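Reading the structure
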Amino acid sequence: MAQAYTTETGNGVSQTRPAGSRLRGLLDRWRGDRGIWRRGALLAVFAVLIALVMILHAQIPNRIGNLGSLVETFLPWSGVFVPLILVGAAVRRSATALVAVLLPLVVWLNLFGGLLTGKSAATGGDLTVASHNVNAGNPDPAGTAREVAASGADVLALQELPAGQVGTYEKALAEAYPYHVVEGTVGLWSRYPLTGEAPVDIRLGWDRALRATVMVPGKPVEVYVAHLPSVRVKLNAGFTAGQRDASADALGEAIAGSRHERIVLLGDLNGTMNDRSLNAVTSQMRSTQGAAGDGMGFSWPAAFPMARIDQIMVRGVEPVSSWTLPRTDSDHLPVAARVTL
């Protein structure tokens, strides 16, 4: 319902002015402003630069501090600059900046707009899977295990399991998951029998990845659980990710060599689907979040998620829905998905 504003004239007579008249007055002032196209040149240049970073992110070299991977990890956040430029354009009354901001807006929507819409199906799926980096310093491992098990997942992968707490997780999950395997600091729990359990060599010198076949009746699924090495951002070295990148290549080789028809990868990959350094894995698998998730699905850090580094990826199965689970005492959010076999 349109509103009207009442103003007093000098002789005390009230006049009403439509709400839209203020906007029209503002536009009239802008049209009469001869400097409207000259102001805001720096804002316009900044808008173009942001758009170019998004368009050409794959061309940003990794030779210097893995800068390309760092940019790609947080690429979705480039959209934050769009409203900031809009505000600046309004304050500066710059038509040039207003036109220029359309470029990064269109590019961002082209790259990430599809993630803004909900794609999860309310029903369907043969198998529910979940993954969680429980954090080695978790103060309540038993509580975390129970919270993740409450998701109803048929298959649950855990990463960053301290040797001294494996028994705690096994005890907390025993009732819901009669079958499990632990290799080093990663584990897999299942409602269905497991066969072919084995560690996967990701070139670290210790076990942080495994594989096992989950014997879903009539539809066996090979499941990989992995925790790739951490990355660091250092002023003197940039984005240090060499060990992570080598492990990603090794994991990709292992998956590529599998003869199984259905494959699911669960784990903390310490990288996003946009990060080119994970191409050995991401080029041959689909992200359940990208295919059937609601929103960005950011999982880390749990207090204020900024990136999805905890992944569920599939090959030979169809994602139905994908989501993040409620926060536990870990610094990561658990992630879950339903798939059709």
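Below: a short report on this structure. (Residues numbered from 1 in each chain as written. Predicted model: local features only at pLDDT ≥ 70, side-chain atom pairs only at ≥ 80, totals over all residues. Heavy atoms only, no water.)

**Considerations on the packing of helix H2 (residues 41–55) against helix H6 (residues 102–112)**
For the pair H2 and H6, interaxial distance at closest approach is 8 Å and the crossing angle is 25 degrees. Classified by the angle their axes make, H2 and H6 are roughly parallel. Note on packing geometry: the crossing formed by H2 with H6 is left-handed. Here Ala-47, Val-48, Ile-50, Ala-51, Met-54 and Ile-55 of H2 come into contact with H6, specifically with Leu-103, Pro-104, Val-107, Trp-108 and Leu-111. Within the contact of H2 with H6, the residues separate by chemical class into eleven nonpolar, no polar and no charged. (Axes fitted to C-alpha atoms, helices over the stretch in contact; angles between N-to-C directions. Helix = DSSP H or I, 4+ residues; strand = E, 2+ residues; numbered from the N terminus. Parallel < 35°, antiparallel > 145°, perpendicular 65-115°, else oblique. Left-handed = near helix turned anticlockwise from the far one by under 90°. Contact = heavy atoms within 4.5 Å. Nonpolar A, V, L, I, M, F, W, Y, C, P; charged D, E, K, R; others polar.)

**Looking at the packing of helix H7 (residues 141–149) against helix H8 (residues 166–173)**
What describes two packed helices is the angle between their axes and the distance between those same axes. The geometry of H7 relative to H8 is characterised by a closest axis approach of 9 Å and an angle of 40 degrees between their N-to-C directions. Here H8 runs oblique to H7, going by the angle between their axes. When the axes of H7 and H8 are compared, the crossing they make is right-handed. Residues Pro-141, Ala-142, Ala-145 and Ala-149 of H7 form the contact with H8, whose participating residues are Thr-168, Tyr-169, Ala-172 and Leu-173. Per-class residue counts for the contact of H7 with H8 are seven nonpolar, one polar and no charged.

**Digging into the pattern of salt bridges**
A full pass over the atoms with the stated rule returns seven salt bridges. Note that Asp-154 and Arg-191 form a salt bridge whose closest N and O atoms lie 3.6 Å from each other. Taken together, the residues span a long stretch of sequence, with Asp-154 in the loop between H7 and strand S4 (155–159) and Arg-191 in the loop between strand S6 (186–190) and strand S7 (194–199) at a distance of 37 residues. What makes Asp-154 buried here is its relative accessible area of 13%. For Arg-203, the salt bridge goes to Glu-253, with nearest N and O atoms at 2.8 Å. Of this pair, Arg-203 sits in the loop between S7 and strand S8 (209–214) while Glu-253 sits in helix H9 (residues 242–256), placing them 50 residues apart in sequence. On the basis of relative accessible area, Arg-203 is assigned to the partly exposed category, the value being 44%. Connected via shared salt-bridge partners are Arg-244, Asp-245 and Asp-275. (Salt bridge = Lys/Arg side-chain N within 4 Å of Asp/Glu carboxyl O. Buried < 20%, exposed > 50% of the residue type's maximum accessible area, 1.4 Å probe, protein only.)

**Concerning H2**
The first and last C-alpha atoms of H2 sit 21 Å apart over 15 residues, in line with the 21 Å expected at 1.5 Å per residue. Here the buried face of H2 lies against helix H4 (81–92), helix H5 (95–100) and H6. (Expected span 1.5 Å × (residues − 1).)

**As for the sheet that holds strand S12 (residues 263–268)**
As a general point, the strands of a sheet are linked pairwise by backbone hydrogen bonds and lie either parallel or antiparallel. Strand order in this open sheet of six strands is S7-S8-S9-S12-S14-S13, and the pairing throughout is mixed. One side of each edge strand has no neighbouring strand; the edge strands of this open sheet are S7 and strand S13 (286–287). Sitting on the sheet, H9 is in contact with S8, strand S9 (221–227), S12 and strand S14 (310–315), with an inclination near 175 degrees to S9. (Pairing = 2+ DSSP bridges.)

**Examining the sheet that holds strand S15 (residues 318–324)**
Taken in spatial order, the six strands make up an open sheet running S5-S6-S4-S3-S16-S15, and their pairing is mixed. Edge positions in the open sheet fall to strand S5 (179–183) and S15, since each of these has one partner strand only. The average angle at which neighbouring strand axes cross in this sheet is 15 degrees, direction not considered. Direction of pairing for S4 relative to S6: antiparallel, over a ladder of five bridges. From the neighbouring strand, Ala-157 faces S6, where its bridge partner is Leu-188.

What is shown is where atoms sit, not what they do.
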